[in-house]
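Report on the structure
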Amino acid sequence: MSKDVKSVVDEFDASVNMTAKKLQSWLNTEESQSVGQKKDDDESIGHKSGKRIIDLLQNKEDNYSDDDLSHMKKVVSYIHRHSAQQPEGDLEHTRWRYSLMNWGHDPLKAKT
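Residues numbered from 1 in each chain as written. Predicted model: local features only at pLDDT ≥ 70, side-chain atom pairs only at ≥ 80, totals over all residues. Heavy atoms only, no water.

What about the overall build of the protein chain?
A tally of regular secondary structure across the protein chain gives six helices and zero strands. Secondary structure elements in the protein chain, listed N-terminal to C-terminal, are α-α-α-α-α-α. Scaling as 2.2 N^0.38, a compact globule of 112 residues should have a C-alpha radius of gyration of about 13 Å, and the protein chain matches this with 14 Å. Along the three orthogonal principal directions, the C-alpha set of the protein chain runs to about 40 × 30 × 25 Å. For the protein chain, the proportion of its 112 residues judged to be buried stands at 39%. When contacts within the protein chain are restricted to residue pairs at least 6 apart in sequence, those whose partners lie at least 24 apart make up 63%. When the accessible surface of the protein chain is totalled, it reaches about 7,000 Å², and 46% of it is carbon and sulfur. (Helix = DSSP H or I, 4+ residues; strand = E, 2+ residues; numbered from the N terminus. Rg over C-alpha atoms; globule rule 2.2 N^0.38 Å. Buried < 20%, exposed > 50% of the residue type's maximum accessible area, 1.4 Å probe, protein only. Contact = heavy atoms within 4.5 Å. Areas by Shrake-Rupley, 256 points an atom, 1.4 Å probe, with all protein chains shown as cover.)

A few points about the pattern of salt bridges
By the definition in use, this model includes five salt bridges. Residue Glu43 pairs with Lys51 through a salt bridge whose shortest N-O separation is 2.9 Å. Judged by relative accessible area, which is 21%, Glu43 ranks as partly exposed. Overlapping salt bridges bring together Arg52, Asp67 and Asp68 as one network. (Salt bridge = Lys/Arg side-chain N within 4 Å of Asp/Glu carboxyl O.)

Thoughts on the nonpolar core
Grouped burial of nonpolar side chains is what soluble globular proteins tend to show. Grouped together as the largest cluster of nonpolar side chains are 26 residues, with contacts concentrated most on Phe12, Leu23, Trp26, Met72 and Val75. Among the secondary structure elements, those contributing two or more residues to this core are α1 (3–15), α2 (20–27), α4 (45–58), α5 (66–83) and α6 (95–102). With six residues, α5 is the largest single contributor of residues to this core. Aside from chain neighbours lying at most four places away, what touches Trp26 is Met18, Glu31, Ser32, Tyr98, Met101 and Asn102. (Core = buried A, V, L, I, M, F, W, Y, C linked by side-chain atoms within 4.5 Å.)

Digging into the environment of Phe12
Within the secondary structure layout, Phe12 lies in helix α1. On the basis of relative accessible area, Phe12 is assigned to the buried category, the value being 0%. For the pair Phe12 and Ser44, spaced 32 residues apart in sequence, the C-alpha separation works out to 21 Å.

What about the side chain of Arg97?
With respect to the helices and strands, the residue Arg97 is situated in helix α6. Apart from residues lying up to four places away in sequence, Arg97 is in contact with Leu91, Glu92, Asp106, Pro107, Leu108 and Lys109.

A few points about the packing of aromatic side chains
Using the criterion set out here, one finds two aromatic pairs in the structure. Pairing Trp26 with Tyr98 gives two aromatic rings, centres 5.3 Å apart and planes at 45°, and the pair type is tilted. With Trp26 in helix α2 and Tyr98 in helix α6, the pair connects residues that are 72 residues apart, well separated along the chain. Measuring from ring centre to ring centre gives 4.3 Å for Tyr78 and Trp103, while their planes differ by 15°; the resulting arrangement is stacked. Of this pair, Tyr78 sits in helix α5 while Trp103 is found in the segment after α6, placing the two residues 25 residues apart along the sequence. (Phe/Tyr/Trp six-rings, centres within 6.5 Å; stacked < 30°, edge-to-face > 60°.)

Treat this as a map of the structure, not an account of what it does.
As structure tokens, then:
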């Protein structure tokens with residue numbers, strides 16, 4: 001694995017703190033499906049990304065395509081950007097948290 005690829009994978013692993021199983025369970029909730037920007041259909045961009053993240057989490061590191069690595073960069077960028085917009089107060093039941101969780105990051109939990 002090249003140094004650049006390793007860097008992308010390491011950043012992705014550090015940013016995504018939900019397991020594939022927990023993310024799959026989350027994506028099946030009403031809360032997950034209630035947030036995010038929607039384009040041509042009823043599924044939000046973040047919800048679609050969550051499905052892709054599950055595949056990435058289940059993939060072997062030496063099998064990542066250029067498209068996979070590009071999506072990993074997008075995920076890391078979204079998590080960093082959205083995390084910087086943290087609202088005040090109790091975060092547990094906020095759209096902000098729900099949106100981040102669709103992208104594989106629960107701001108209230110350590111990596112599990």
